[in-house]
Amino acid sequence: MPEVHKLCCHCGEIELEVSHELGRLVECNCSTCARSGFLHWKVPVEAVRLLTQKRRLSVYLWRDVDGGHHFCPTCGTAIFRTGYRDRISINARCLVGVDVFALEVERLDGRNEMPPGPTI
Ligand SMILES: [Zn+2]
């Protein structure tokens, strides 16, 4: 039985469940991550279950049509990102009952290692 982690946005309108061990966490300094404070935890798509209605989510697309920054339209919390083929990047800052200061976090120099998107 895999670990099950619950996540929610600040207002509680969006809730997710992730059935996967809490693994590698990465913070990034690219144009979007630097602004949102997104803490990446990439898991297989099938490990993620949306507990609330999909129509409540908003998405910001800036580079590709098949991937985006999904956030709560009420409180603005960025909860996950798509566009990684068979994986979804979960914002580990939304984990319920987990103090992110207790987690080990790697850094990715996305500002220099990723090609810029069209609108930065
Ligand atoms: Zn919210």
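Since this is a predicted model, take the numbers as computed values, not measurements. (Residues numbered from 1 in each chain as written. Predicted model: local features only at pLDDT ≥ 70, side-chain atom pairs only at ≥ 80, totals over all residues. Heavy atoms only, no water.)

Caption draft 1: Region of interest: the overall build of the protein chain. Across its full length, the protein chain carries 2 helices and 10 strands. Of the regular secondary structure in the protein chain, the N- to C-terminal order runs β-β-β-α-β-β-β-β-β-β-β-α. In summary, the protein chain has a C-alpha radius of gyration of 14 Å against a globular reference of 14 Å for 120 residues, a match within 12%. Counting only C-alpha atoms, the protein chain reaches 40 × 35 × 25 Å along its principal axes. Residues counted as buried form 36% of the 120 residues belonging to the protein chain. Put simply, of all contacts in the protein chain between residues at least 6 apart along the chain, 58% involve residues at least 24 apart. Summed over all atoms, the accessible surface of the protein chain reaches about 7,500 Å², with 50% contributed by carbon and sulfur. (Helix = DSSP H or I, 4+ residues; strand = E, 2+ residues; numbered from the N terminus. Rg over C-alpha atoms; globule rule 2.2 N^0.38 Å. Buried < 20%, exposed > 50% of the residue type's maximum accessible area, 1.4 Å probe, protein only. Contact = heavy atoms within 4.5 Å. Areas by Shrake-Rupley, 256 points an atom, 1.4 Å probe, with all protein chains shown as cover.)

Caption draft 2: Summary view of the coordination of the zinc ion. Bound to the zinc ion are the protein donor atoms Cys9 (SG), Cys11 (SG), Cys72 (SG) and Cys75 (SG), situated 2.3 to 2.4 Å from the metal. Around the zinc ion, the 4 donor atoms are arranged such that angles at the metal cover 105 to 118°; this shape is classified as tetrahedral. Exposure remark for Cys75: the relative accessible area of 29% places this residue in the partly exposed category. (Donors = N, O, S within 2.8 Å, 3.2 Å for Na, K, Ca; no water. Tetrahedral: all angles 85-135°; square planar, octahedral: opposite > 155°, others 65-115°.)

Caption draft 3: Region of interest: the UniProt feature "domain: CENP-V/GFA" (unreviewed entry) in the protein chain. Per the UniProt record, "domain: CENP-V/GFA" (unreviewed entry) is found at residues 5-109. Strand forms 40% of residues 5-109 and helix 6%; the C-alpha atoms that close the span are 28 Å apart. (UniProt positions renumbered as here; feature names shortened; annotations may be inferred.)

Caption draft 4: Summary view of the sheet that holds strand β1 (residues 4-8). Taking strand neighbours across the sheet as the criterion, the 3 strands line up as β1-β2-β5 in an open arrangement whose pairing is antiparallel. Only two strands of the sheet have a single neighbouring strand rather than two, namely β1 and β5 (48-50). Going across the sheet, the axis of each strand differs from the next one's by a mean of 20°, ignoring polarity. Note that strand β2 (residues 15-19) and β5 share 3 bridges and pair antiparallel. Looking at β5, one finds that Val18 is bridged to Val48. (Pairing = 2+ DSSP bridges. Axes fitted to C-alpha atoms, helices over the stretch in contact; angles between N-to-C directions.)

Caption draft 5: The sheet that holds strand β8 (residues 78-84), seen in detail. The 7 strands lie next to each other as β6-β7-β8-β9-β4-β3-β10, forming an open sheet whose pairing is mixed. Across the chains shown, the open sheet's two edge strands, defined by having one partner strand only, are β6 (58-60) and β10 (106-108). With strand direction ignored, the average angle separating the axes of adjacent strands in the sheet is 35°.

Caption draft 6: Structural view of the side chain of His69. For His69, the location among the structural elements is in strand β7 (residues 69-71). Taking relative accessible area as the criterion, His69 reaches 9% and is therefore assigned buried. Engagement of the side chain of His69 in a polar contact is seen with the side chain of Arg81, the distance being 2.9 Å. Setting aside anything within four residues of it in sequence, one finds His69 in contact with Ser36, Phe38, Ser58, Val59, Tyr60, Trp62, Ala78, Phe80 and Arg81. (Polar contact = N/O pair within 3.5 Å; in protein donor to acceptor, adjacent residues only side chain to side chain.)

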